[in-house]
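A closer look at the structure
Here is what each chain is made of, one letter per residue.
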Amino acid sequence: MNASGEFRRPTDAFNRPLGSLRVSVTDRCNMRCRYCMPEEEYVWLPRTSILTFEEIARLTDIFAGLGAGKVRLTGGEPLLRHDLTALVGMLGAIPGVRDLALTTNGILLSRHAEQLRRAGLHRVTVSLDTLRPSRLQEFARTDRHPDILAGISAAVAAGFRSIKLNSVIVRGFNDDEVADLLEFARVSGVEARFIEYMDVGGATQWSRDQVVSQGELLEIVRRRFGPVEPLPVADRAGAPAERFRLADGTTFGIIASTTAPFCRDCDRSRLTADGTWFLCLYAGAGLNLRDALRGGASDHELGTLIGDAWSRRTDRGAEERLAVPERGALYQLDALRADPRREMHTRGG
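Below: a short report on this structure.

The rules behind the values
- Residues numbered from 1 in each chain as written.
- Predicted model: local features only at pLDDT ≥ 70, side-chain atom pairs only at ≥ 80, totals over all residues.
- Heavy atoms only, no water.
- Helix = DSSP H or I, 4+ residues; strand = E, 2+ residues; numbered from the N terminus.
- Rg over C-alpha atoms; globule rule 2.2 N^0.38 Å.
- Buried < 20%, exposed > 50% of the residue type's maximum accessible area, 1.4 Å probe, protein only.
- Contact = heavy atoms within 4.5 Å.
- Areas by Shrake-Rupley, 256 points an atom, 1.4 Å probe, with all protein chains shown as cover.
- Salt bridge = Lys/Arg side-chain N within 4 Å of Asp/Glu carboxyl O.
- Pairing = 2+ DSSP bridges.
- Axes fitted to C-alpha atoms, helices over the stretch in contact; angles between N-to-C directions.
- Expected span 1.5 Å × (residues − 1).
- Arc of directions from axis to C-beta.

Section: the overall build of the protein chain
Counting its secondary structure elements, the protein chain contains 12 helices and 12 strands. Expected size for 349 residues packed as a compact globule is a radius of gyration near 20 Å; at 19 Å, the protein chain falls within 12% of this value. Considering only C-alpha atoms, the protein chain reaches an extent of 60 × 50 × 40 Å along its principal axes. Put simply, the protein chain has 349 residues, and 56% of those count as buried. For the protein chain, long-range pairs separated by at least 24 residues make up 75% of all intrachain contacts whose partners lie at least 6 apart in sequence. As displayed, the protein chain offers around 14500 Å² of accessible surface, 49% of which is attributable to carbon and sulfur atoms.

Focus on the pattern of salt bridges
Evaluation of the coordinates by the stated rule reveals 29 salt bridges. We note a salt bridge from Asp-299 to Arg-58, for which the minimum N-O separation is 2.7 Å. Taken together, the residues span a long stretch of sequence, with Asp-299 in helix H9 (residues 299–311) and Arg-58 in helix H1 (residues 53–65) at a distance of 241 residues. Put simply, Arg-290 and Asp-274 hold a salt bridge, and the shortest N to O gap is 3.7 Å. Within this pair, whereas Arg-290 is found in helix H8 (residues 289–294), its partner Asp-274 is found in the loop between strand E10 (268–271) and strand E11 (276–278), the two being separated by 16 residues in sequence. Relative accessible area serves as the criterion here: at 14%, Arg-290 is assigned to the buried category. By relative accessible area, Asp-274 is classed as buried at 0%.

Examining the sheet that holds strand E4 (residues 123–127)
Here we have 12 strands laid out as an open sheet, ordered E7-E8-E9-E6-E5-E4-E3-E2-E1-E10-E11-E12, and mixed in their pairing. The open sheet has two free edges, formed respectively by strand E7 (228–230) and strand E12 (287–288), since each of these has just one partner strand. Sheet analysis places E10 next to E11, joined by 2 bridges and oriented antiparallel. Pairing of Arg-270 across the sheet is with Phe-278, part of E11. Sheet strands in contact with helix H2 (residues 84–92) are strand E2 (70–74) and strand E3 (99–104), and its direction is about 170° off that of E2.

Considering H9
Here H9 contains 13 residues, and its C-alpha end-to-end distance of 18 Å stays within 8% of the 18 Å for a straight helix at 1.5 Å per residue. Within H9 the residues assigned to the buried category are Leu-302, Gly-303, Ile-306, Gly-307, Ala-309 and Trp-310. Looking straight down H9, one finds its buried side chains confined to an arc of 165°; they lie on one side.

Points about the pairing of strand E8 (residues 242–246)
The side chains of a regular strand alternate between the sheet's two faces. For E7 and E8, the ladder comprises 3 bridges, and the chain directions are antiparallel. Looking at the pairing, Pro-230 lines up with Phe-244 of E8. When E8 meets strand E9 (residues 251–255), the two strands line up antiparallel, connected through 4 bridges. Considered in E9, the bridge of Glu-242 is made with Ile-254. Two successive antiparallel strands, E8 and E9, enclose a turn made up of 4 residues, where Gly-249 displays a positive phi of approximately 95°.

As structure tokens, this is what we get:
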């Protein structure tokens with residue numbers, strides 16, 4: 001903290017700033033996607049450990065003071081958290097939060113979209129992995145496909161600053177829908193983003209042969225839509241996706257975290273619903289901020305704790321995974337049950 005009472009904005013060991021914070025508000029979800037929650041049973045975070053809205057807002061304010069002005073609410077499924085609109089209003093009122101976004105599976109979005117926008121939410125990302133209801137039932141164990149489409153329509157009607165559709169492409173499941181998903185996004189007036197299947201916590205069924213690479217995705221798009229133009233890196237604005245443009249002006253993105261990691265530019269970290277702070281999606285352990293928060297630490301003490309930890313950060317998890325020979329799933333089931341914070345649905349995407 002400098003003489004004016006403001007925090008100095010830290011950079012890590014590779015000169016990466018602390019720019020983005022992903023805040024998980026719950027580890028619960030109403031879908032069971034194979035790339036995230038494929039098992040029948042899970043170990044959940046104790047309810048008493050879950051941060052209150054006031055605690056989330058206080059930590060977010062401190063993070064924003066350290067430079068993390070881009071905040072994204074995640075889960076689990078964040079709209080399962082009761083009265084999430086109230087939290088959006090609290091976070092939107094923090095002066096340092098310049099961009100406030102939400103990632104959702106869309107099932108509950110139609111009933112909340114307008115209220116979320118009015119409360120101050122800027123952007124929405126909806127997960128849509130298939131246009132076929134029967135395929136969603138098989139892959140995610142839900143029959144709520146119509147509700148997801150209704151949620152997308154409601155988001156468009158609400159007038160958010162940006163709406164994106166995230167599709168995790170898995171070979172043998174939905175790689176035959178890449179072009180159709182892009183066409184759906186184009187017609188809907190939103191931007192498609194294709195994500196390579198990642199071997200993160202929870203992806204216990206991951207294997208390298210199921211990954212559809214960025215090069216393969218681009219070839220699928222070219223076969224249907226013709227030439228694809230890469231957009232300048234500056235247009236990414238710190239986002240993980242590389243963006244491309246079709247001849248008609250339609251833009252889309254690809255997040256190639258598995259085959260072409262972007263660790264060198266990664267400015268994001270993740271706060272779990274119980275206040276554990278992870279500096280990398282692949283990190284084996286996180287920093288418990290909840291105990292310091294509830295133990296009476298001042299904002300200055302919390303800011304110092306966070307800033308010092310970020311300054312020591314050397315994480316480049318996706319790059320390290322890329323170098324692993326005969327690469328398999330990051331964790332097996334027994335390791336995930338031993339520590340539920342290793343789960344993707346706990347850390348947030």
